[in-house]
Amino acid sequence: MAIEKNRLEDEIIDIEMPEPSNKATEADIEIILEDDGGATIEIGAKEDEEVPFDANLAEVVDPSDLGPISSELMALLDADKASRGDWEKQYSKGLELLGFSYEERTKPFKGACGTAHPMLTEAIVQFQAQAFKELMPAEGPVKTQVLGKETREKLAKAERVKEFMNYELTTDMADYTPEFDQLLFYAGYGGSAFKKVYQDPQSSKMVSKLVLPDDLFIPYNGSSIMSKSPRITHRVPMDANEYRKLVNIGFYRDVNVQPSVNSSSGDVIQESIDKLVGTSASGEPEEIFLYEFHVDYDLVGFEDKDEDDEETGIALPYVITIEESTNQVVGIRRNWKDKEGRKCRREYFVHYVLVEGPGAYGLGFVHLIGGLTRTATSSMRQLIDAGTLANLPAGFKAKGARIANDDVPLQPGEWRDIDVGGAELSSSLLPMPYKEPSQTLFTLLGFCVEAGKRLASIADMQVGDGNQNAAVGTTMALLEKGANIMSAIHKRMHYAQKLEFRLLAVGFGESLPDEYPYDVPGASRKIKRTDFDGSVDVIPVADPNIFSTAQRITMAQTQLQLAQSAPQMHNLYEAYHRIYEALGTKNIDAILKPQNPDLPKDPATENGDVMDGVKLKAFPGQQHDAHIVSHLIQGISPILQANPLAAVELQKHVLEHCKIKAEEEVEAELFKSYGTDPSSMVSDLQKEGMIALNIVRNLQQVREFQNQLMGDQTDPLVELKKQELEQATQRNNQKAQEASARLQMEQLDKQKQDQIDLAKIQSNEKIANQRVMATLQKGAQNASKVAR
């Protein structure tokens, strides 16, 4: 606001200055002298830089500009309300199908059945119970994972973040669990429910509040993804005293508000809910309503400017709050991060969707099976009414017939007098031809109920028919049958919960002190603001692919069967651990030998663990040389040498330390040579080559140390083994000498035998010659005798 004051020579003309706002101080008033002798008086800040970033701009913006802001935004809100009018009617009419109240019906007769079929309620309650059990376990719904390379510091940070967030959600935020349970009911019924994650201005703590779909308005061209909607309007019900507290601390501008008596006036959905649960507003006015617009707006006096200080005309994200009864702007706040160049809108809302539909709001069970529920309700009422009429017949009687106590129904076993004037009783009474309940209608009712249960996935699922030895393919097929819809719904809930946890983590990183101590049962812990620096991701502890205990147990049993079929290829410990985890067993380590390689350990502990068959894991940042030396010394132990599997595991662990040590050495060398961005100077292939050379050098050092250990060892068992080898060698040499002597004796015996055999042959030949000569002589003598 500017007021001119003219000064002509020595005469000063005083003019009346309007009183500044009750929020303006002397520091807010500035007098600027003009060249022509005039002056400009500035009341309130003018430049954007002079106003604190988190200030309520409604206090410094010209009041004449607040009216057009309110008119423009309220007109947009009326358009948003009109665009979803049919949706609100359908949402409110569907509440009648829940059957929470009994309808007194007079048609087709007084006292006709007024109950509703519980199929819709059964689907909602079963989904609510199942999702609540999976997404909100008693130990806490949050788990963490390290982004990037795992280090000891990151793992410790992840553990602190997980413990703190679970403590906050299950203990410190007392209303989180019941509100999340209620959220699942609304999401199951109407398909949409919202969470608003923000820092409470009074307590300065992070909160995650439930926002019902009838209090959150999305424009016609909006999206179920909150970040893609051009604007989001939240109708905030607030106690009048709470509003005065916020005004007192300067969070809202002080205006004359009018508390409302009937909070549901004009709200079709709220009126239906009040009628359903049997409540109504009464008493003194206690509640006011604020419309909180999360919208991009070109605010006068705070326009976006370029480098040349020229206005760009770009609308910036703001949170503009308007009070309902007066339509006055009570708050305007910047909705981007301080000192952020891009000025992107900060998100506060998370949309929990049951089934994604064509519009901005999701589809619930009232949309999926509401028609079938209405049909089933109508069929059930007809069947019950038909049975009622068949059991309590009515009809016509002759006008002259007189029946004693005709206004009192007949009781079983009772006989009552009737005066028919001599006519036949059958001709004086004509019962109505009521039939028994129709079997065809009963069949159609069963068909509708079965179709609704299949669509809502609430039918009983017989996995494996009790056969634990069923084939893996058969089990998985039966598990998947009828579970596709529920599995998809569970993944949507899991995704929304992940977004909610991330918003909470960002808020904790901005609202917590540098170090925040807190107490848990049996221990005192602390969290640091730097733990929420983005290096640790927070995700739901629930598995997005598993939505029930039966499914989890079946999958764990299937995995165990596969692991037992080929134990050399699987980690049986992990398979059994998943079985116990699926069964909900407490303190699994008391049953199974603990194996937790996810945390760094000292070398002595690792040497003991490897003897128990525990898998070892090396981590960056450890004293690799100390670990390698300790493990190599353990490797020459006779106990370890008698356990080949443990020796192999220890050797693999040493090689892992060599690899990580080489990577760290190369990274340090590149950082020293090229600074924080060595990737622009050295390619990945070159880096891998440098790591390979360092690995070779590390392995050579390991080999040298192994040789040194083998040369210095004086193990008595090894010495005894050497003596046994020497004695065995002597025995072998003695046996060889004895065999050689035996062979020589055998050769001499053979030579003697050969000489004897030769002498026998020669003697036989001599005798044979003598016999031949004697024969020839005798023949000659006989011949001479014949000649004579």
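Residues numbered from 1 in each chain as written. Predicted model: local features only at pLDDT ≥ 70, side-chain atom pairs only at ≥ 80, totals over all residues. Heavy atoms only, no water.

## Focus: the overall build of the protein chain
Move 1: A count of helical and extended segments in the protein chain gives 21 helices and 21 strands.
Move 2: Burial analysis of the protein chain (788 residues in total) assigns 36% to the buried set.
Move 3: Expressed as a percentage of contacts within the protein chain between residues at least 6 apart in sequence, the contacts between residues at least 24 apart total 69%.
Move 4: In the form shown here, the protein chain has an accessible surface area of approximately 47,300 Å², with 53% of it arising from carbon and sulfur atoms. (Helix = DSSP H or I, 4+ residues; strand = E, 2+ residues; numbered from the N terminus. Buried < 20%, exposed > 50% of the residue type's maximum accessible area, 1.4 Å probe, protein only. Contact = heavy atoms within 4.5 Å. Areas by Shrake-Rupley, 256 points an atom, 1.4 Å probe, with all protein chains shown as cover.)

## Concerning the packing of helix α5 (residues 176-190) against helix α13 (residues 484-511)
For any two helices packed against each other, the geometry comes down to the angle between their axes and how far apart the axes lie.
Move 1: Put simply, α5 and α13 touch, their axes get as near as 13 Å, and they point 145° apart. You can see that α5 and α13 cross each other, and the crossing is right-handed. Mapping the contact onto sequence places Y176, F180, L184 and A187 in α5 and M493, Q497, E500 and F501 in α13.
Move 2: Taken together, the residues of the contact of α5 with α13 sort by class into six nonpolar, one polar and one charged. (Axes fitted to C-alpha atoms, helices over the stretch in contact; angles between N-to-C directions. Left-handed = near helix turned anticlockwise from the far one by under 90°. Nonpolar A, V, L, I, M, F, W, Y, C, P; charged D, E, K, R; others polar.)

## Comments concerning a negative patch on the surface
Move 1: Taken together, the side chains of D298, D306, E307, D308, E310 and E311 present a region of like negative charge at the surface.
Move 2: In this fold, D306 is placed in the loop between β11 (287-297) and β12 (316-323).
Move 3: Classification of D306 as partly exposed rests on a relative accessible area of 37%. (Patch = residues over 30% accessible without salt bridge, like charges linked within 9 Å, V, L, I, M, F, W, Y side chains within 5 Å. Salt bridge = Lys/Arg side-chain N within 4 Å of Asp/Glu carboxyl O. Lys, Arg positive; Asp, Glu negative; His and termini not counted. Charge placed at Lys NZ, Arg CZ, Asp CG, Glu CD.)

## Regarding the sheet that holds strand β8 (residues 206-211)
Move 1: Taken together, the three strands give an open sheet; going across it, the order is β8-β7-β14, and neighbouring strands pair in antiparallel fashion. Since the sheet does not close on itself, it has two edges, and those belong to β8 and β14 (349-353), each with one partner. Each adjacent strand pair in this sheet contributes to an overall mean axis angle of 25°, direction not counted.
Move 2: Pairing between strand β7 (residues 192-199) and β8: six bridges, direction antiparallel. The residue of β8 that forms the bridge with V197 is S208.
Move 3: Along the sheet, α5 contacts β7, β8 and β14; its crossing angle with β7, the most-contacted strand, is approximately 150°.
Move 4: Along the sheet, α13 contacts β7, β8 and β14; its crossing angle with β14, the most-contacted strand, is approximately 165°. (Pairing = 2+ DSSP bridges.)

## Details of the sheet that holds β11
Move 1: Pairing is antiparallel across the open sheet formed by five strands, whose spatial order is β9-β10-β11-β12-β13. The sheet is open, and its two borders are formed by β9 (216-217) and β13 (329-334), each paired with just one other strand.
Move 2: With two bridges connecting them, β9 and strand β10 (residues 231-239) associate as antiparallel partners. In the sheet register, F217 faces β10, and the bridge partner there is T233.
Move 3: Contacts from helix α6 (residues 240-248) reach β10, β11 and β13 within the one sheet, and its direction differs from that of β10 by about 110°.

## A look at the nonpolar core
Move 1: In terms of nonpolar packing, the biggest core is built from 77 residues, with F127, M165, F365, L504, F508 and F532 touching the most fellow members.
Move 2: Excluding residues within four positions of it along the chain, F127 makes contact with L184, G188, L354, F365, M486, I489 and M493.
Move 3: If you look at the next biggest cluster of nonpolar residues, it comprises 24 residues, including V51, M74, L77 and W336. (Core = buried A, V, L, I, M, F, W, Y, C linked by side-chain atoms within 4.5 Å.)

## Some thoughts on the pairing of β10
Across a regular strand the side chains alternate sides, sitting on one face of the sheet and then on the other.
Move 1: Counting buried residues in β10 gives seven out of nine residues, a clear majority hidden from the surface.
Move 2: As paired elements, β10 and β11 share nine bridges and run antiparallel to each other. Counted as the bridge partner of T233 is F293 from β11.

## Remarks on the side chain of R345
Move 1: Mapped onto the fold, R345 is located in the loop between β13 and β14.
Move 2: For R345, the side chain forms a polar contact with the main-chain oxygen of M226, separated by 3.0 Å.
Move 3: At 3.3 Å, the side chain of R345 forms a polar contact with the side chain of E347.
Move 4: Apart from residues no more than four positions distant in its own chain, R345 is found in contact with M226, S227, S229, P230, R231, I232, H294, D296, P317 and N335. (Polar contact = N/O pair within 3.5 Å; in protein donor to acceptor, adjacent residues only side chain to side chain.)

## What to know about unusual backbone geometry
Move 1: In this model, D309 sits at a positive phi of 65°, which is unusual for a non-glycine residue.
Move 2: Residue position: D309 is located in the loop between β11 and β12.
Move 3: You will see that N327, though not glycine, has its phi angle at about 55°, which is positive.
Move 4: We classify N327 as partly exposed; its relative accessible area is 37%.

## Thoughts on the pattern of salt bridges
Move 1: Taken as a whole and assessed by the stated rule, the structure comprises 26 salt bridges.
Move 2: Sharing partners across several salt bridges, the network here consists of D215, R235 and E324.

## Some words on the confidence of the model for the protein chain
Interpretation of the predicted coordinates at a detailed level should be avoided for regions scoring low in pLDDT.
Move 1: For the protein chain, per-residue confidence averages 80 on the pLDDT scale, and 82% of positions sit at 70 or higher.
Move 2: Confidence scores differ between elements of the protein chain, with strand β2 (residues 7-8) showing the lowest mean pLDDT of 37 and β14 the highest of 95.
Move 3: The low-confidence segment residues 1-27 (pLDDT under 50) makes 31 contacts with residues lying over four places distant or belonging to another chain.
Move 4: Note that residues 459-467 has pLDDT below 50 and, in this model, 11 contacts with residues that lie over four places away or in other chains. (pLDDT = per-residue confidence, 0-100.)

## Focus: the environment of I588
Move 1: Along the polypeptide, I588 turns up in the loop between α15 (572-582) and α16 (603-611).
Move 2: What makes I588 buried here is its relative accessible area of 11%.
Move 3: Distance from I588 to R578, taken between C-alpha atoms, is 9.9 Å for residues 10 residues apart in sequence.
Move 4: Among all residues touching I588, those that are not within four sequence positions of it are H577, Y580 and E581.

## Here's the deal with the pairing of β13
Move 1: Within β13, six of the six residues are buried, which leaves the element mostly enclosed by the surrounding structure.
Move 2: As judged from the five bridges shared by β12 and β13, these two strands associate in the antiparallel manner. Bridging from a neighbouring strand, Y318 pairs with R334 of β13.
Move 3: Here β12 folds back onto β13, and the loop between the two strands holds five residues, one of which, N327, carries a positive phi near 55°.

## Some remarks on the packing of aromatic side chains
What describes a pair of aromatic rings is the distance from one ring centre to the other and the angle between the planes of the rings.
Move 1: In this structure the tally under the stated criterion is 19 aromatic pairs.
Move 2: Centre to centre, the rings of F53 and W336 are 5.8 Å apart; their planes meet at 80°, and the pair counts as edge-to-face. Linking F53 in the loop between β5 (39-43) and α1 (63-83) with W336 in the loop between β13 and β14, this pair joins segments that are 283 residues apart in sequence.
Move 3: Since its relative accessible area comes to 23%, F53 is described here as partly exposed. (Phe/Tyr/Trp six-rings, centres within 6.5 Å; stacked < 30°, edge-to-face > 60°.)

## Comments concerning the environment of M226
Move 1: For M226, the location among the structural elements is in the loop between β9 and β10.
Move 2: Given a relative accessible area of 5%, M226 falls into the buried group.
Move 3: Sequence separation between M226 and E347 is 121 residues; the distance between their C-alpha atoms is 7.6 Å.
Move 4: Discounting residues that sit within four places of it in the chain, M226 has contacts with F194, I218, I232, R345, E347, F349, V350 and H351.

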